[in-house]
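Given next are the chains, with one letter for each unit.
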Amino acid sequence: MSAFCGVQVKQIFIVTTAGKWGLYQGSIKDKYSSYHIADLIHGFGAQLSFDGIWSGPEYGTRMITTEKVTFYRFRHFQLWEHVPESIVCDSQQLPKRFVLIALAAFQGVIGLKI
């Protein structure tokens, strides 16, 4: 998923589009560094990580840099800033439909056209 590494986007854009996609915000509320999409019934998810978003309107024009996309399986959904290695899996181990939806959401959130 190298297309998602190093993309720079305005914080206000990523925050508003993540809301439109219904993504889950990472676990730290004042400065978080990830968004998640998850299938809560089947127990799998995907995370888009980046260098961090501060909460507050004064940070809206700040540029952030994306880092990576991580796919994972879970028994109980929990938001992490860093997904534990023990639950990380390859995207090919998950249903193709979920992977495509997750990638489309992340592309939309960062304004990437692939």
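Our subject is the structure listed above.
Let us look at the structure shown here. Computed from a prediction, not measured in an experiment: that's the story for all the values here.

The rules behind these values
Residues numbered from 1 in each chain as written. Predicted model: local features only at pLDDT ≥ 70, side-chain atom pairs only at ≥ 80, totals over all residues. Heavy atoms only, no water. Helix = DSSP H or I, 4+ residues; strand = E, 2+ residues; numbered from the N terminus. Expected span 1.5 Å × (residues − 1). Buried < 20%, exposed > 50% of the residue type's maximum accessible area, 1.4 Å probe, protein only. Arc of directions from axis to C-beta. Contact = heavy atoms within 4.5 Å. Polar contact = N/O pair within 3.5 Å; in protein donor to acceptor, adjacent residues only side chain to side chain. Phe/Tyr/Trp six-rings, centres within 6.5 Å; stacked < 30°, edge-to-face > 60°.

## Notes on helix 2 (residues 96-110)
So, step 1. With 15 residues, helix 2 should reach 21 Å at 1.5 Å per residue; the first-to-last C-alpha distance of 21 Å fits that figure.
So, step 2. Taken residue by residue, helix 2 has F98, V99, A102, L103, A105, F106, V109 and I110 as its buried positions. The arc enclosing the buried residues of helix 2, seen along the axis, measures out at 160°, which places them on a common side. Counted as exposed and oriented over 90 degrees from the buried face of helix 2: K96, R97 and L100.
So, step 3. Buried residues along helix 2 sit against strand 1 (8-10), helix 1 (11-21), strand 3 (31-39), strand 4 (44-54) and strand 5 (63-73).
So, step 4. Directly beyond the C-terminal end of helix 2, a positive phi value near 70° is found at G111.

## Considering the environment of V83
So, step 1. By secondary structure assignment, the location of V83 is in the loop between strand 5 and strand 6 (88-89).
So, step 2. As a C-alpha pair, V83 and V9 span 74 residues in sequence and 23 Å in three-dimensional space.
So, step 3. Setting aside anything within four residues of it in sequence, one finds V83 in contact with H36, Q47, T70, Y72 and V88.

## With respect to the side chain of Q47
So, step 1. With respect to the helices and strands, Q47 occurs in strand 4.
So, step 2. Within polar-contact distance, the side chain of Q47 engages the side chain of S34 at 3.4 Å.
So, step 3. For Q47, the side chain forms a polar contact with the main-chain oxygen of W80, separated by 3.2 Å.
So, step 4. The contact partners of Q47, leaving out residues within four places of it in the chain, are S34, Y35, H36, K68, V69, T70, Y72, W80, E81, H82, V83 and F106.

## Side note on the packing of aromatic side chains
So, step 1. Tallied over the full model, the rule gives eight aromatic pairs.
So, step 2. An angle of 55° between the planes, with centres 5.0 Å apart, marks the rings of Y24 and F77 as tilted. Within this pair, whereas Y24 is found in strand 2 (residues 24-25), its partner F77 is found in the loop between strand 5 and strand 6, the two being separated by 53 residues in sequence.
So, step 3. A residue is classified by how much of its surface remains accessible, and Y24, at 30% relative accessible area, is partly exposed.

## Here we look at helix 1
So, step 1. Of all the positions in helix 1, only Q11, I14, T17 and A18 are classed as buried. For helix 1, the angular spread of the buried residues around the axis is 145°, confining them to a single face. Exposed positions of helix 1 whose direction lies more than 90 degrees from the buried face are G19 and K20.
So, step 2. Considering only its buried residues, helix 1 is in contact with strand 1, strand 3, strand 4, strand 5 and helix 2.
So, step 3. Just downstream of helix 1, G22 is the residue with a positive phi angle, here 70°.

Spatial relationships are all this shows, so hold off on functional conclusions.
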